[in-house]
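Working through the structure, step by step
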Amino acid sequence: MKLFWGRKMQFTESIKFIDLFAGIGGIRKGFEIACSDLGIKTECVFTSEIKPYAVEVLKQNHPNETVNGDITKIETSQIPDFDFLLGGFPCQAFSAAGKRLGFEDTRGTLFFDVATILERHHPQAILLENVKQLTTHDKNRTFQTILRILNELGYKVKWKVLNALDFGLPQKRERVIIVGFLSQNRIDAFNFDFVKQPYTLNGLLESDESVDNSLFASEKILEK
């Protein structure tokens, strides 16, 4: 597999990735679309999710894949080797945040499981997602702890709070995105200069003609 070169990713084989705290697969979908646009093949080799409704959706969308359960109960040795880690990890309060205790800072949180997987497998790159408030939790100590742990594991990272509203979705959904690489050259070549997509309300709403009549309240109901 070729590594990143300059601003364009080039691979001779497909990128093997894992999807942790997968939800219904939103991060994965965006990752796969982005790679496809660059002509890069992808292969998901491990998925973890515990919410039953989300697992059901994942199984419908990826019927030939196994959805693993609680990541805290899975040995890291059971996870196949991979190149890229995706994870929208939940963030509980870090009771020891800011005490500079290494992994002990995150023990008892789900980020600890992410860090343990990274320590064992050392994938080339990571993409983590969380709520915007993570960057200010506990006077920023929680977020600084996460960044420090990633640095201790060898990852050079960049992060930014992005809003789905700026990219064509009719919803204000702000999330902090953390991108990391083992290679300094690759993180230097990466930036968050995504082009924002302006929108209008008319551009988001469907016309009456394009909506099935069965979805409208009947005139008889409206007359009552």
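Residues numbered from 1 in each chain as written. Predicted model: local features only at pLDDT ≥ 70, side-chain atom pairs only at ≥ 80, totals over all residues. Heavy atoms only, no water.

1. Re helix H4 (residues 141-152)
- Taking 1.5 Å of rise per residue, the 12 residues of H4 would be expected to cover 16 Å, and the 16 Å separating its terminal C-alpha atoms lies within 8% of that figure.
- Along H4, the residues that are buried comprise Thr142, Phe143, Thr145, Ile146, Leu147, Arg148, Ile149 and Leu150.
- Its buried side turned inward, H4 meets helix H3 (110-121), strand E5 (125-131), strand E6 (156-163) and strand E7 (174-181).
- Positive backbone phi, approximately 100°, marks Gly154, located one or two places after H4. (Helix = DSSP H or I, 4+ residues; strand = E, 2+ residues; numbered from the N terminus. Expected span 1.5 Å × (residues − 1). Buried < 20%, exposed > 50% of the residue type's maximum accessible area, 1.4 Å probe, protein only. Contact = heavy atoms within 4.5 Å.)

2. Considerations on the pattern of salt bridges
- One pass over the structure, following the stated rule, counts 8 salt bridges.
- We note a salt bridge from Lys73 to Asp70, for which the minimum N-O separation is 3.1 Å.
- Classification of Lys73 by relative accessible area gives exposed; the value is 68%.
- Its relative accessible area of 26% is what places Asp70 among the partly exposed residues.
- As a salt-bridge pair, Lys196 and Asp166 come within 3.7 Å of each other at their nearest N and O atoms. Of the two residues, Lys196 sits in the loop between helix H5 (184-189) and helix H6 (201-204) while Asp166 sits in the loop between E6 and E7, which places them 30 residues apart along the sequence.
- Under the relative-accessibility criterion, Lys196 is labelled exposed at 56%.
- Look at Asp166 and you get partly exposed, because its relative accessible area is 24%. (Salt bridge = Lys/Arg side-chain N within 4 Å of Asp/Glu carboxyl O.)

3. A word on the environment of Ile50
- Tracing the backbone through its elements, the reader meets Ile50 in the loop between strand E2 (42-48) and helix H2 (52-61).
- Look at Ile50 and you get exposed, because its relative accessible area is 56%.
- Sequence spacing of Ile50 and Val67 is 17 residues, and the spatial spacing of their C-alpha atoms is 8.9 Å.
- In contact with Ile50, not counting residues within four places along its chain, are Val55, Gly69 and Asp70.

4. A short note on the packing of aromatic side chains
- Applying the stated criterion across every chain, the model contains 8 aromatic pairs.
- Between Phe192 and Phe194 the ring centres are 6.0 Å apart and the planes differ by 90°, which places this aromatic pair in the edge-to-face class.
- Take Phe194: its relative accessible area is 42%, and that puts it in the partly exposed class. (Phe/Tyr/Trp six-rings, centres within 6.5 Å; stacked < 30°, edge-to-face > 60°.)

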